[in-house]
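Observations on chain architecture
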Amino acid sequence: MEKRFYVTTPIYYVNAEPHIGHAYTTIVADVMNRFHKLLGYETFFLTGTDEHGDKIVRAAQEAGMDPKAYADRISALFRDTWSRLNITHDHFIRTTDPNHGRVVQYILQKVYDSGDIYFDTYEGLYCVGCERFYTQRELVDGKCPDHDREPEKRQEANYFFRMSRYQDWLIEHIEKHPDFIRPERYRNEVLSFLREPLEDLCISRPRERLSWGIPLPFDNRYVTYVWFDALINYVSALDYPDGPLFARFWPFAQHLIAKDILKPHGIYWPTMIRAAGIEPYCHLNVHGYWKINEGKMSKSRGSVVRPLDLVPIYGLDAFRYFLLREMVFGLDANFSEEALIQRLNADLANDLGNLFSRTMGMTERYFGGRIPPFGEPLDEPERALRAQMERSRDDYVKELSQWGFHKGLMAVWEGINAANKYIDDVAPWTLAKDPVRTSRLQTVMRTLLEVNRQVAVLLSPVMPETSETMLARLGIKRRALDLRLEEDTGWGGLQEGTAVQKGEALFPRVDLNAWQEGRDRRPPSATAPQTKAAGAAAGKASEPISLETFATIDLRVGVIKHAERIPKSKKLLKLVVDVGEERQVVAGIAETHDPETLPGRQVVIVANLKPAKLMGIESQGMVLAAHDGRHLRLIGPEAPVTPGSKVS
Ligand SMILES: Nc1ncnc2c1ncn2[C@@H]1O[C@H](COP(=O)(O)OP(=O)(O)OP(=O)(O)O)[C@@H](O)[C@H]1O
Ligand SMILES: [Zn+2]
């Protein structure tokens, strides 16, 4: 069978900014994509955004924008976040892409023609938050379990998909393919849904109520229900029906989701594609929730941690490692910065960081920083360490193949810990004192250098930057994505005589006590350790001013019309801001804000500042932002106001 791998994330709803939950899913998919490349697979990795439906219309209204402009902005935020998290997706799909719309209509028409879509009137209980009808049975105390509020009664004439017709087929398919849905708990959950008769699925929304969607090809008084639209992204992105990507990758499809969307993916989607005559996907992989204080982190609930707030502080790879190591795939996990710091210190700074710096330091000291040849034949301790590394590698591959990240990483750490213990046991420093034992010392150090190289290769899917750094310091200039497990983890892959570099610590420790004290003293947003400007966050007392003096400052609300980078400047963006009239403003926000994400955003401007030139560009005002040493946040009104409104 061809070695191919197709992985998808859910397409995220563009009703708010990405948080750790989205980052986790997307990083997991990225790790699996990189892991399969490491194993020599040809891969395709898809992510994107879900942009239709009345939730988006409402979010856009609140932001004072039209749905498309709003979707453009949030979708760009997601794309920008992924590029900062080193995500290697091959395609980013948006459900507003014209090709996607065409494929949705094609599938609707096909299923309609084959008689699996019919028109009917329906009365039911509708949750606005979920955008769907609920059966009594699904409610908890008469309320939507996700939104904790009572659904409203609604009657509507709509189109229905004959999902019930595929119930028996689906049960049989799941029973025949035990890992169709995994881990097992979610397979069982789907089977238990299927023990009750499956109802048909309402797949349309009357246009007069919701126009922001894909029109039904057979009745343009209706648009497509968001789920029927969204799920199809997994095949439209491959140019179903005729595209070469579809033929190449669909037979290897693996979806990745959190348990919140198990039903659409475990029931709607397989029956939809069955009805359309498409083969079922291979696997649905389901993970649990990241929680904060026991509640699900969720955009709608507003309890979120933003990935881009953590990465500058702890480093991208520590963040990626933490997410994969901390959560048991399939179960919920609690997110806390303390836990992140603890893992960073224990696993990365101590275990991995020490192994690397001790190995490199001793190579510098004993061999002038050049990789020694193997000296005398391997002795018992080396053979044991090699055997351990081979076990680590095999277990890692086995676990990751089944999405068992925490166990896979633990397997690598068994190798790392064995190597650290090996150093303590053979004590190279005593060998170094004895010139007769140089040949033994060569064997010891070379063994350790090879272990470090293997560790770097094994970790490349999870920590690509660290992997590249370690290899570069070992004299191997390779991109993480070009590494191949077979060729690159054999013994003796290092080049004798090559100069190595110890360099700085791979992972600086974070002082947890200081961090905890700092958090107790400062407001929550200013709890960053290791931040250069942290002191500034405390703020300085300043001279009091009179109201008259304050009134001389002309503060106004403006809406950003346009934003672009200024060539050669890392910090500055050039903005055009509408403050009743258009102003060109230069703002030092390029490191924290992507220009694509800014148009439409309302900000506060000092409108009577003397014009000044920055990098040769005139700035006619200043954008206000708050800075706590960790975040730079633009200041704006709580809800949109007319551009030019005075701030006082
Ligand atoms: N707390 C979380 N833990 C893990 N993954 C999450 C979490 N929240 C969202 N996700 C990821 O995002 C997907 C859902 O995306 P969606 O855009 O609906 O996010 P959301 O924050 O749950 O939104 P909302 O709260 O508005 O329903 C999940 O299937 C999962 O992949
Ligand atoms: Zn609901």
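Residues numbered from 1 in each chain as written. Chains lettered and ligands numbered in written order. Predicted model: local features only at pLDDT ≥ 70, side-chain atom pairs only at ≥ 80, totals over all residues. Heavy atoms only, no water.

As a further point, take the pattern of salt bridges. Following the criterion strictly, the structure yields 38 salt bridges and no others. Glu51 serves as the salt-bridge partner of Arg94, at 2.7 Å between the closest nitrogen and oxygen. Separated by 43 residues along the polypeptide, Arg94 in strand S3 (residues 91-94) and Glu51 in the loop between strand S2 (42-50) and helix H2 (54-62) bring together distant segments of the chain. Across the pair Arg446 and Glu450 runs a salt bridge whose closest N-O atoms are separated by 2.8 Å. A residue pair is termed a helical-turn pair when its members lie 3 or 4 positions apart in one helix, as Arg446 and Glu450 do in helix H17 (residues 438-459) at 4 residues. Judged by its relative accessible area of 2%, Arg446 is buried. Using a relative accessible area of 0% as the deciding quantity, one classes Glu450 as buried. Beyond isolated ion pairs, a larger network of salt bridges with shared partners links Glu17, Arg306, Asp309 and Arg633. (Salt bridge = Lys/Arg side-chain N within 4 Å of Asp/Glu carboxyl O. Helix = DSSP H or I, 4+ residues; strand = E, 2+ residues; numbered from the N terminus. Buried < 20%, exposed > 50% of the residue type's maximum accessible area, 1.4 Å probe, protein only.)

With that settled, the discussion passes to the packing of helix H1 (residues 20-38) against helix H14 (residues 380-401). Contact geometry of H1 with H14 gives a least axis separation of 11 Å together with a crossing angle of 130 degrees. In terms of orientation, H1 and H14 fall into the oblique class. Between H1 and H14 lies a crossing of left-handed hand. Contacts between H1 and H14 involve Val31, Met32 and Phe35 from the former and Tyr396, Val397, Leu400 and Ser401 from the latter. The class makeup of the residues in the contact of H1 with H14 is 6 nonpolar, 1 polar and no charged. (Axes fitted to C-alpha atoms, helices over the stretch in contact; angles between N-to-C directions. Parallel < 35°, antiparallel > 145°, perpendicular 65-115°, else oblique. Left-handed = near helix turned anticlockwise from the far one by under 90°. Contact = heavy atoms within 4.5 Å. Nonpolar A, V, L, I, M, F, W, Y, C, P; charged D, E, K, R; others polar.)

Time to look at the nonpolar core. In terms of nonpolar packing, the biggest core is built from 167 residues, with Ile107, Phe161, Trp250, Trp269, Phe319, Leu352 and Trp413 touching the most fellow members. Sort the elements by how many residues they give to this core and helix H13 (residues 337-367) lands first, with 12 residues. Setting aside its immediate chain neighbours within four residues, Phe161 contacts Val111, Asp116, Ile117, Tyr166, Asp200, Leu201, Ile203, Phe228, Thr271, Met272 and Ala275. Of all hydrophobic cores here, the second largest spans 17 residues; its members include Ala563, Leu573, Ala590 and Leu598. (Core = buried A, V, L, I, M, F, W, Y, C linked by side-chain atoms within 4.5 Å.)

By the secondary structure assignment, Asp347 is in helix H13. The class for Asp347 is buried, based on a relative accessible area of 10%.

You can read the domains of the protein as domain 1 (4-119 + 160-199 + 211-309), domain 2 (337-488), domain 3 (518-542) and domain 4 (547-647). Relative to domain 2, the C-alpha centre of domain 1 lies at a distance of 39 Å. Listed as interface residues are 17 residues of domain 1 and, on the opposing side, 17 residues of domain 2. If you look at where domain 1 meets domain 2, you find 0 salt bridges. Elements with a minimum of two residues in the side of domain 1 that touches domain 2: strand S1 (4-13), H1 and strand S12 (253-258). The leading source of residues in the side of domain 1 that touches domain 2 is H1, at 7 residues. Its residues placed into classes, the side of domain 1 that touches domain 2 shows 9 nonpolar, 5 polar and 3 charged. (Domains from an automatic or database assignment.)

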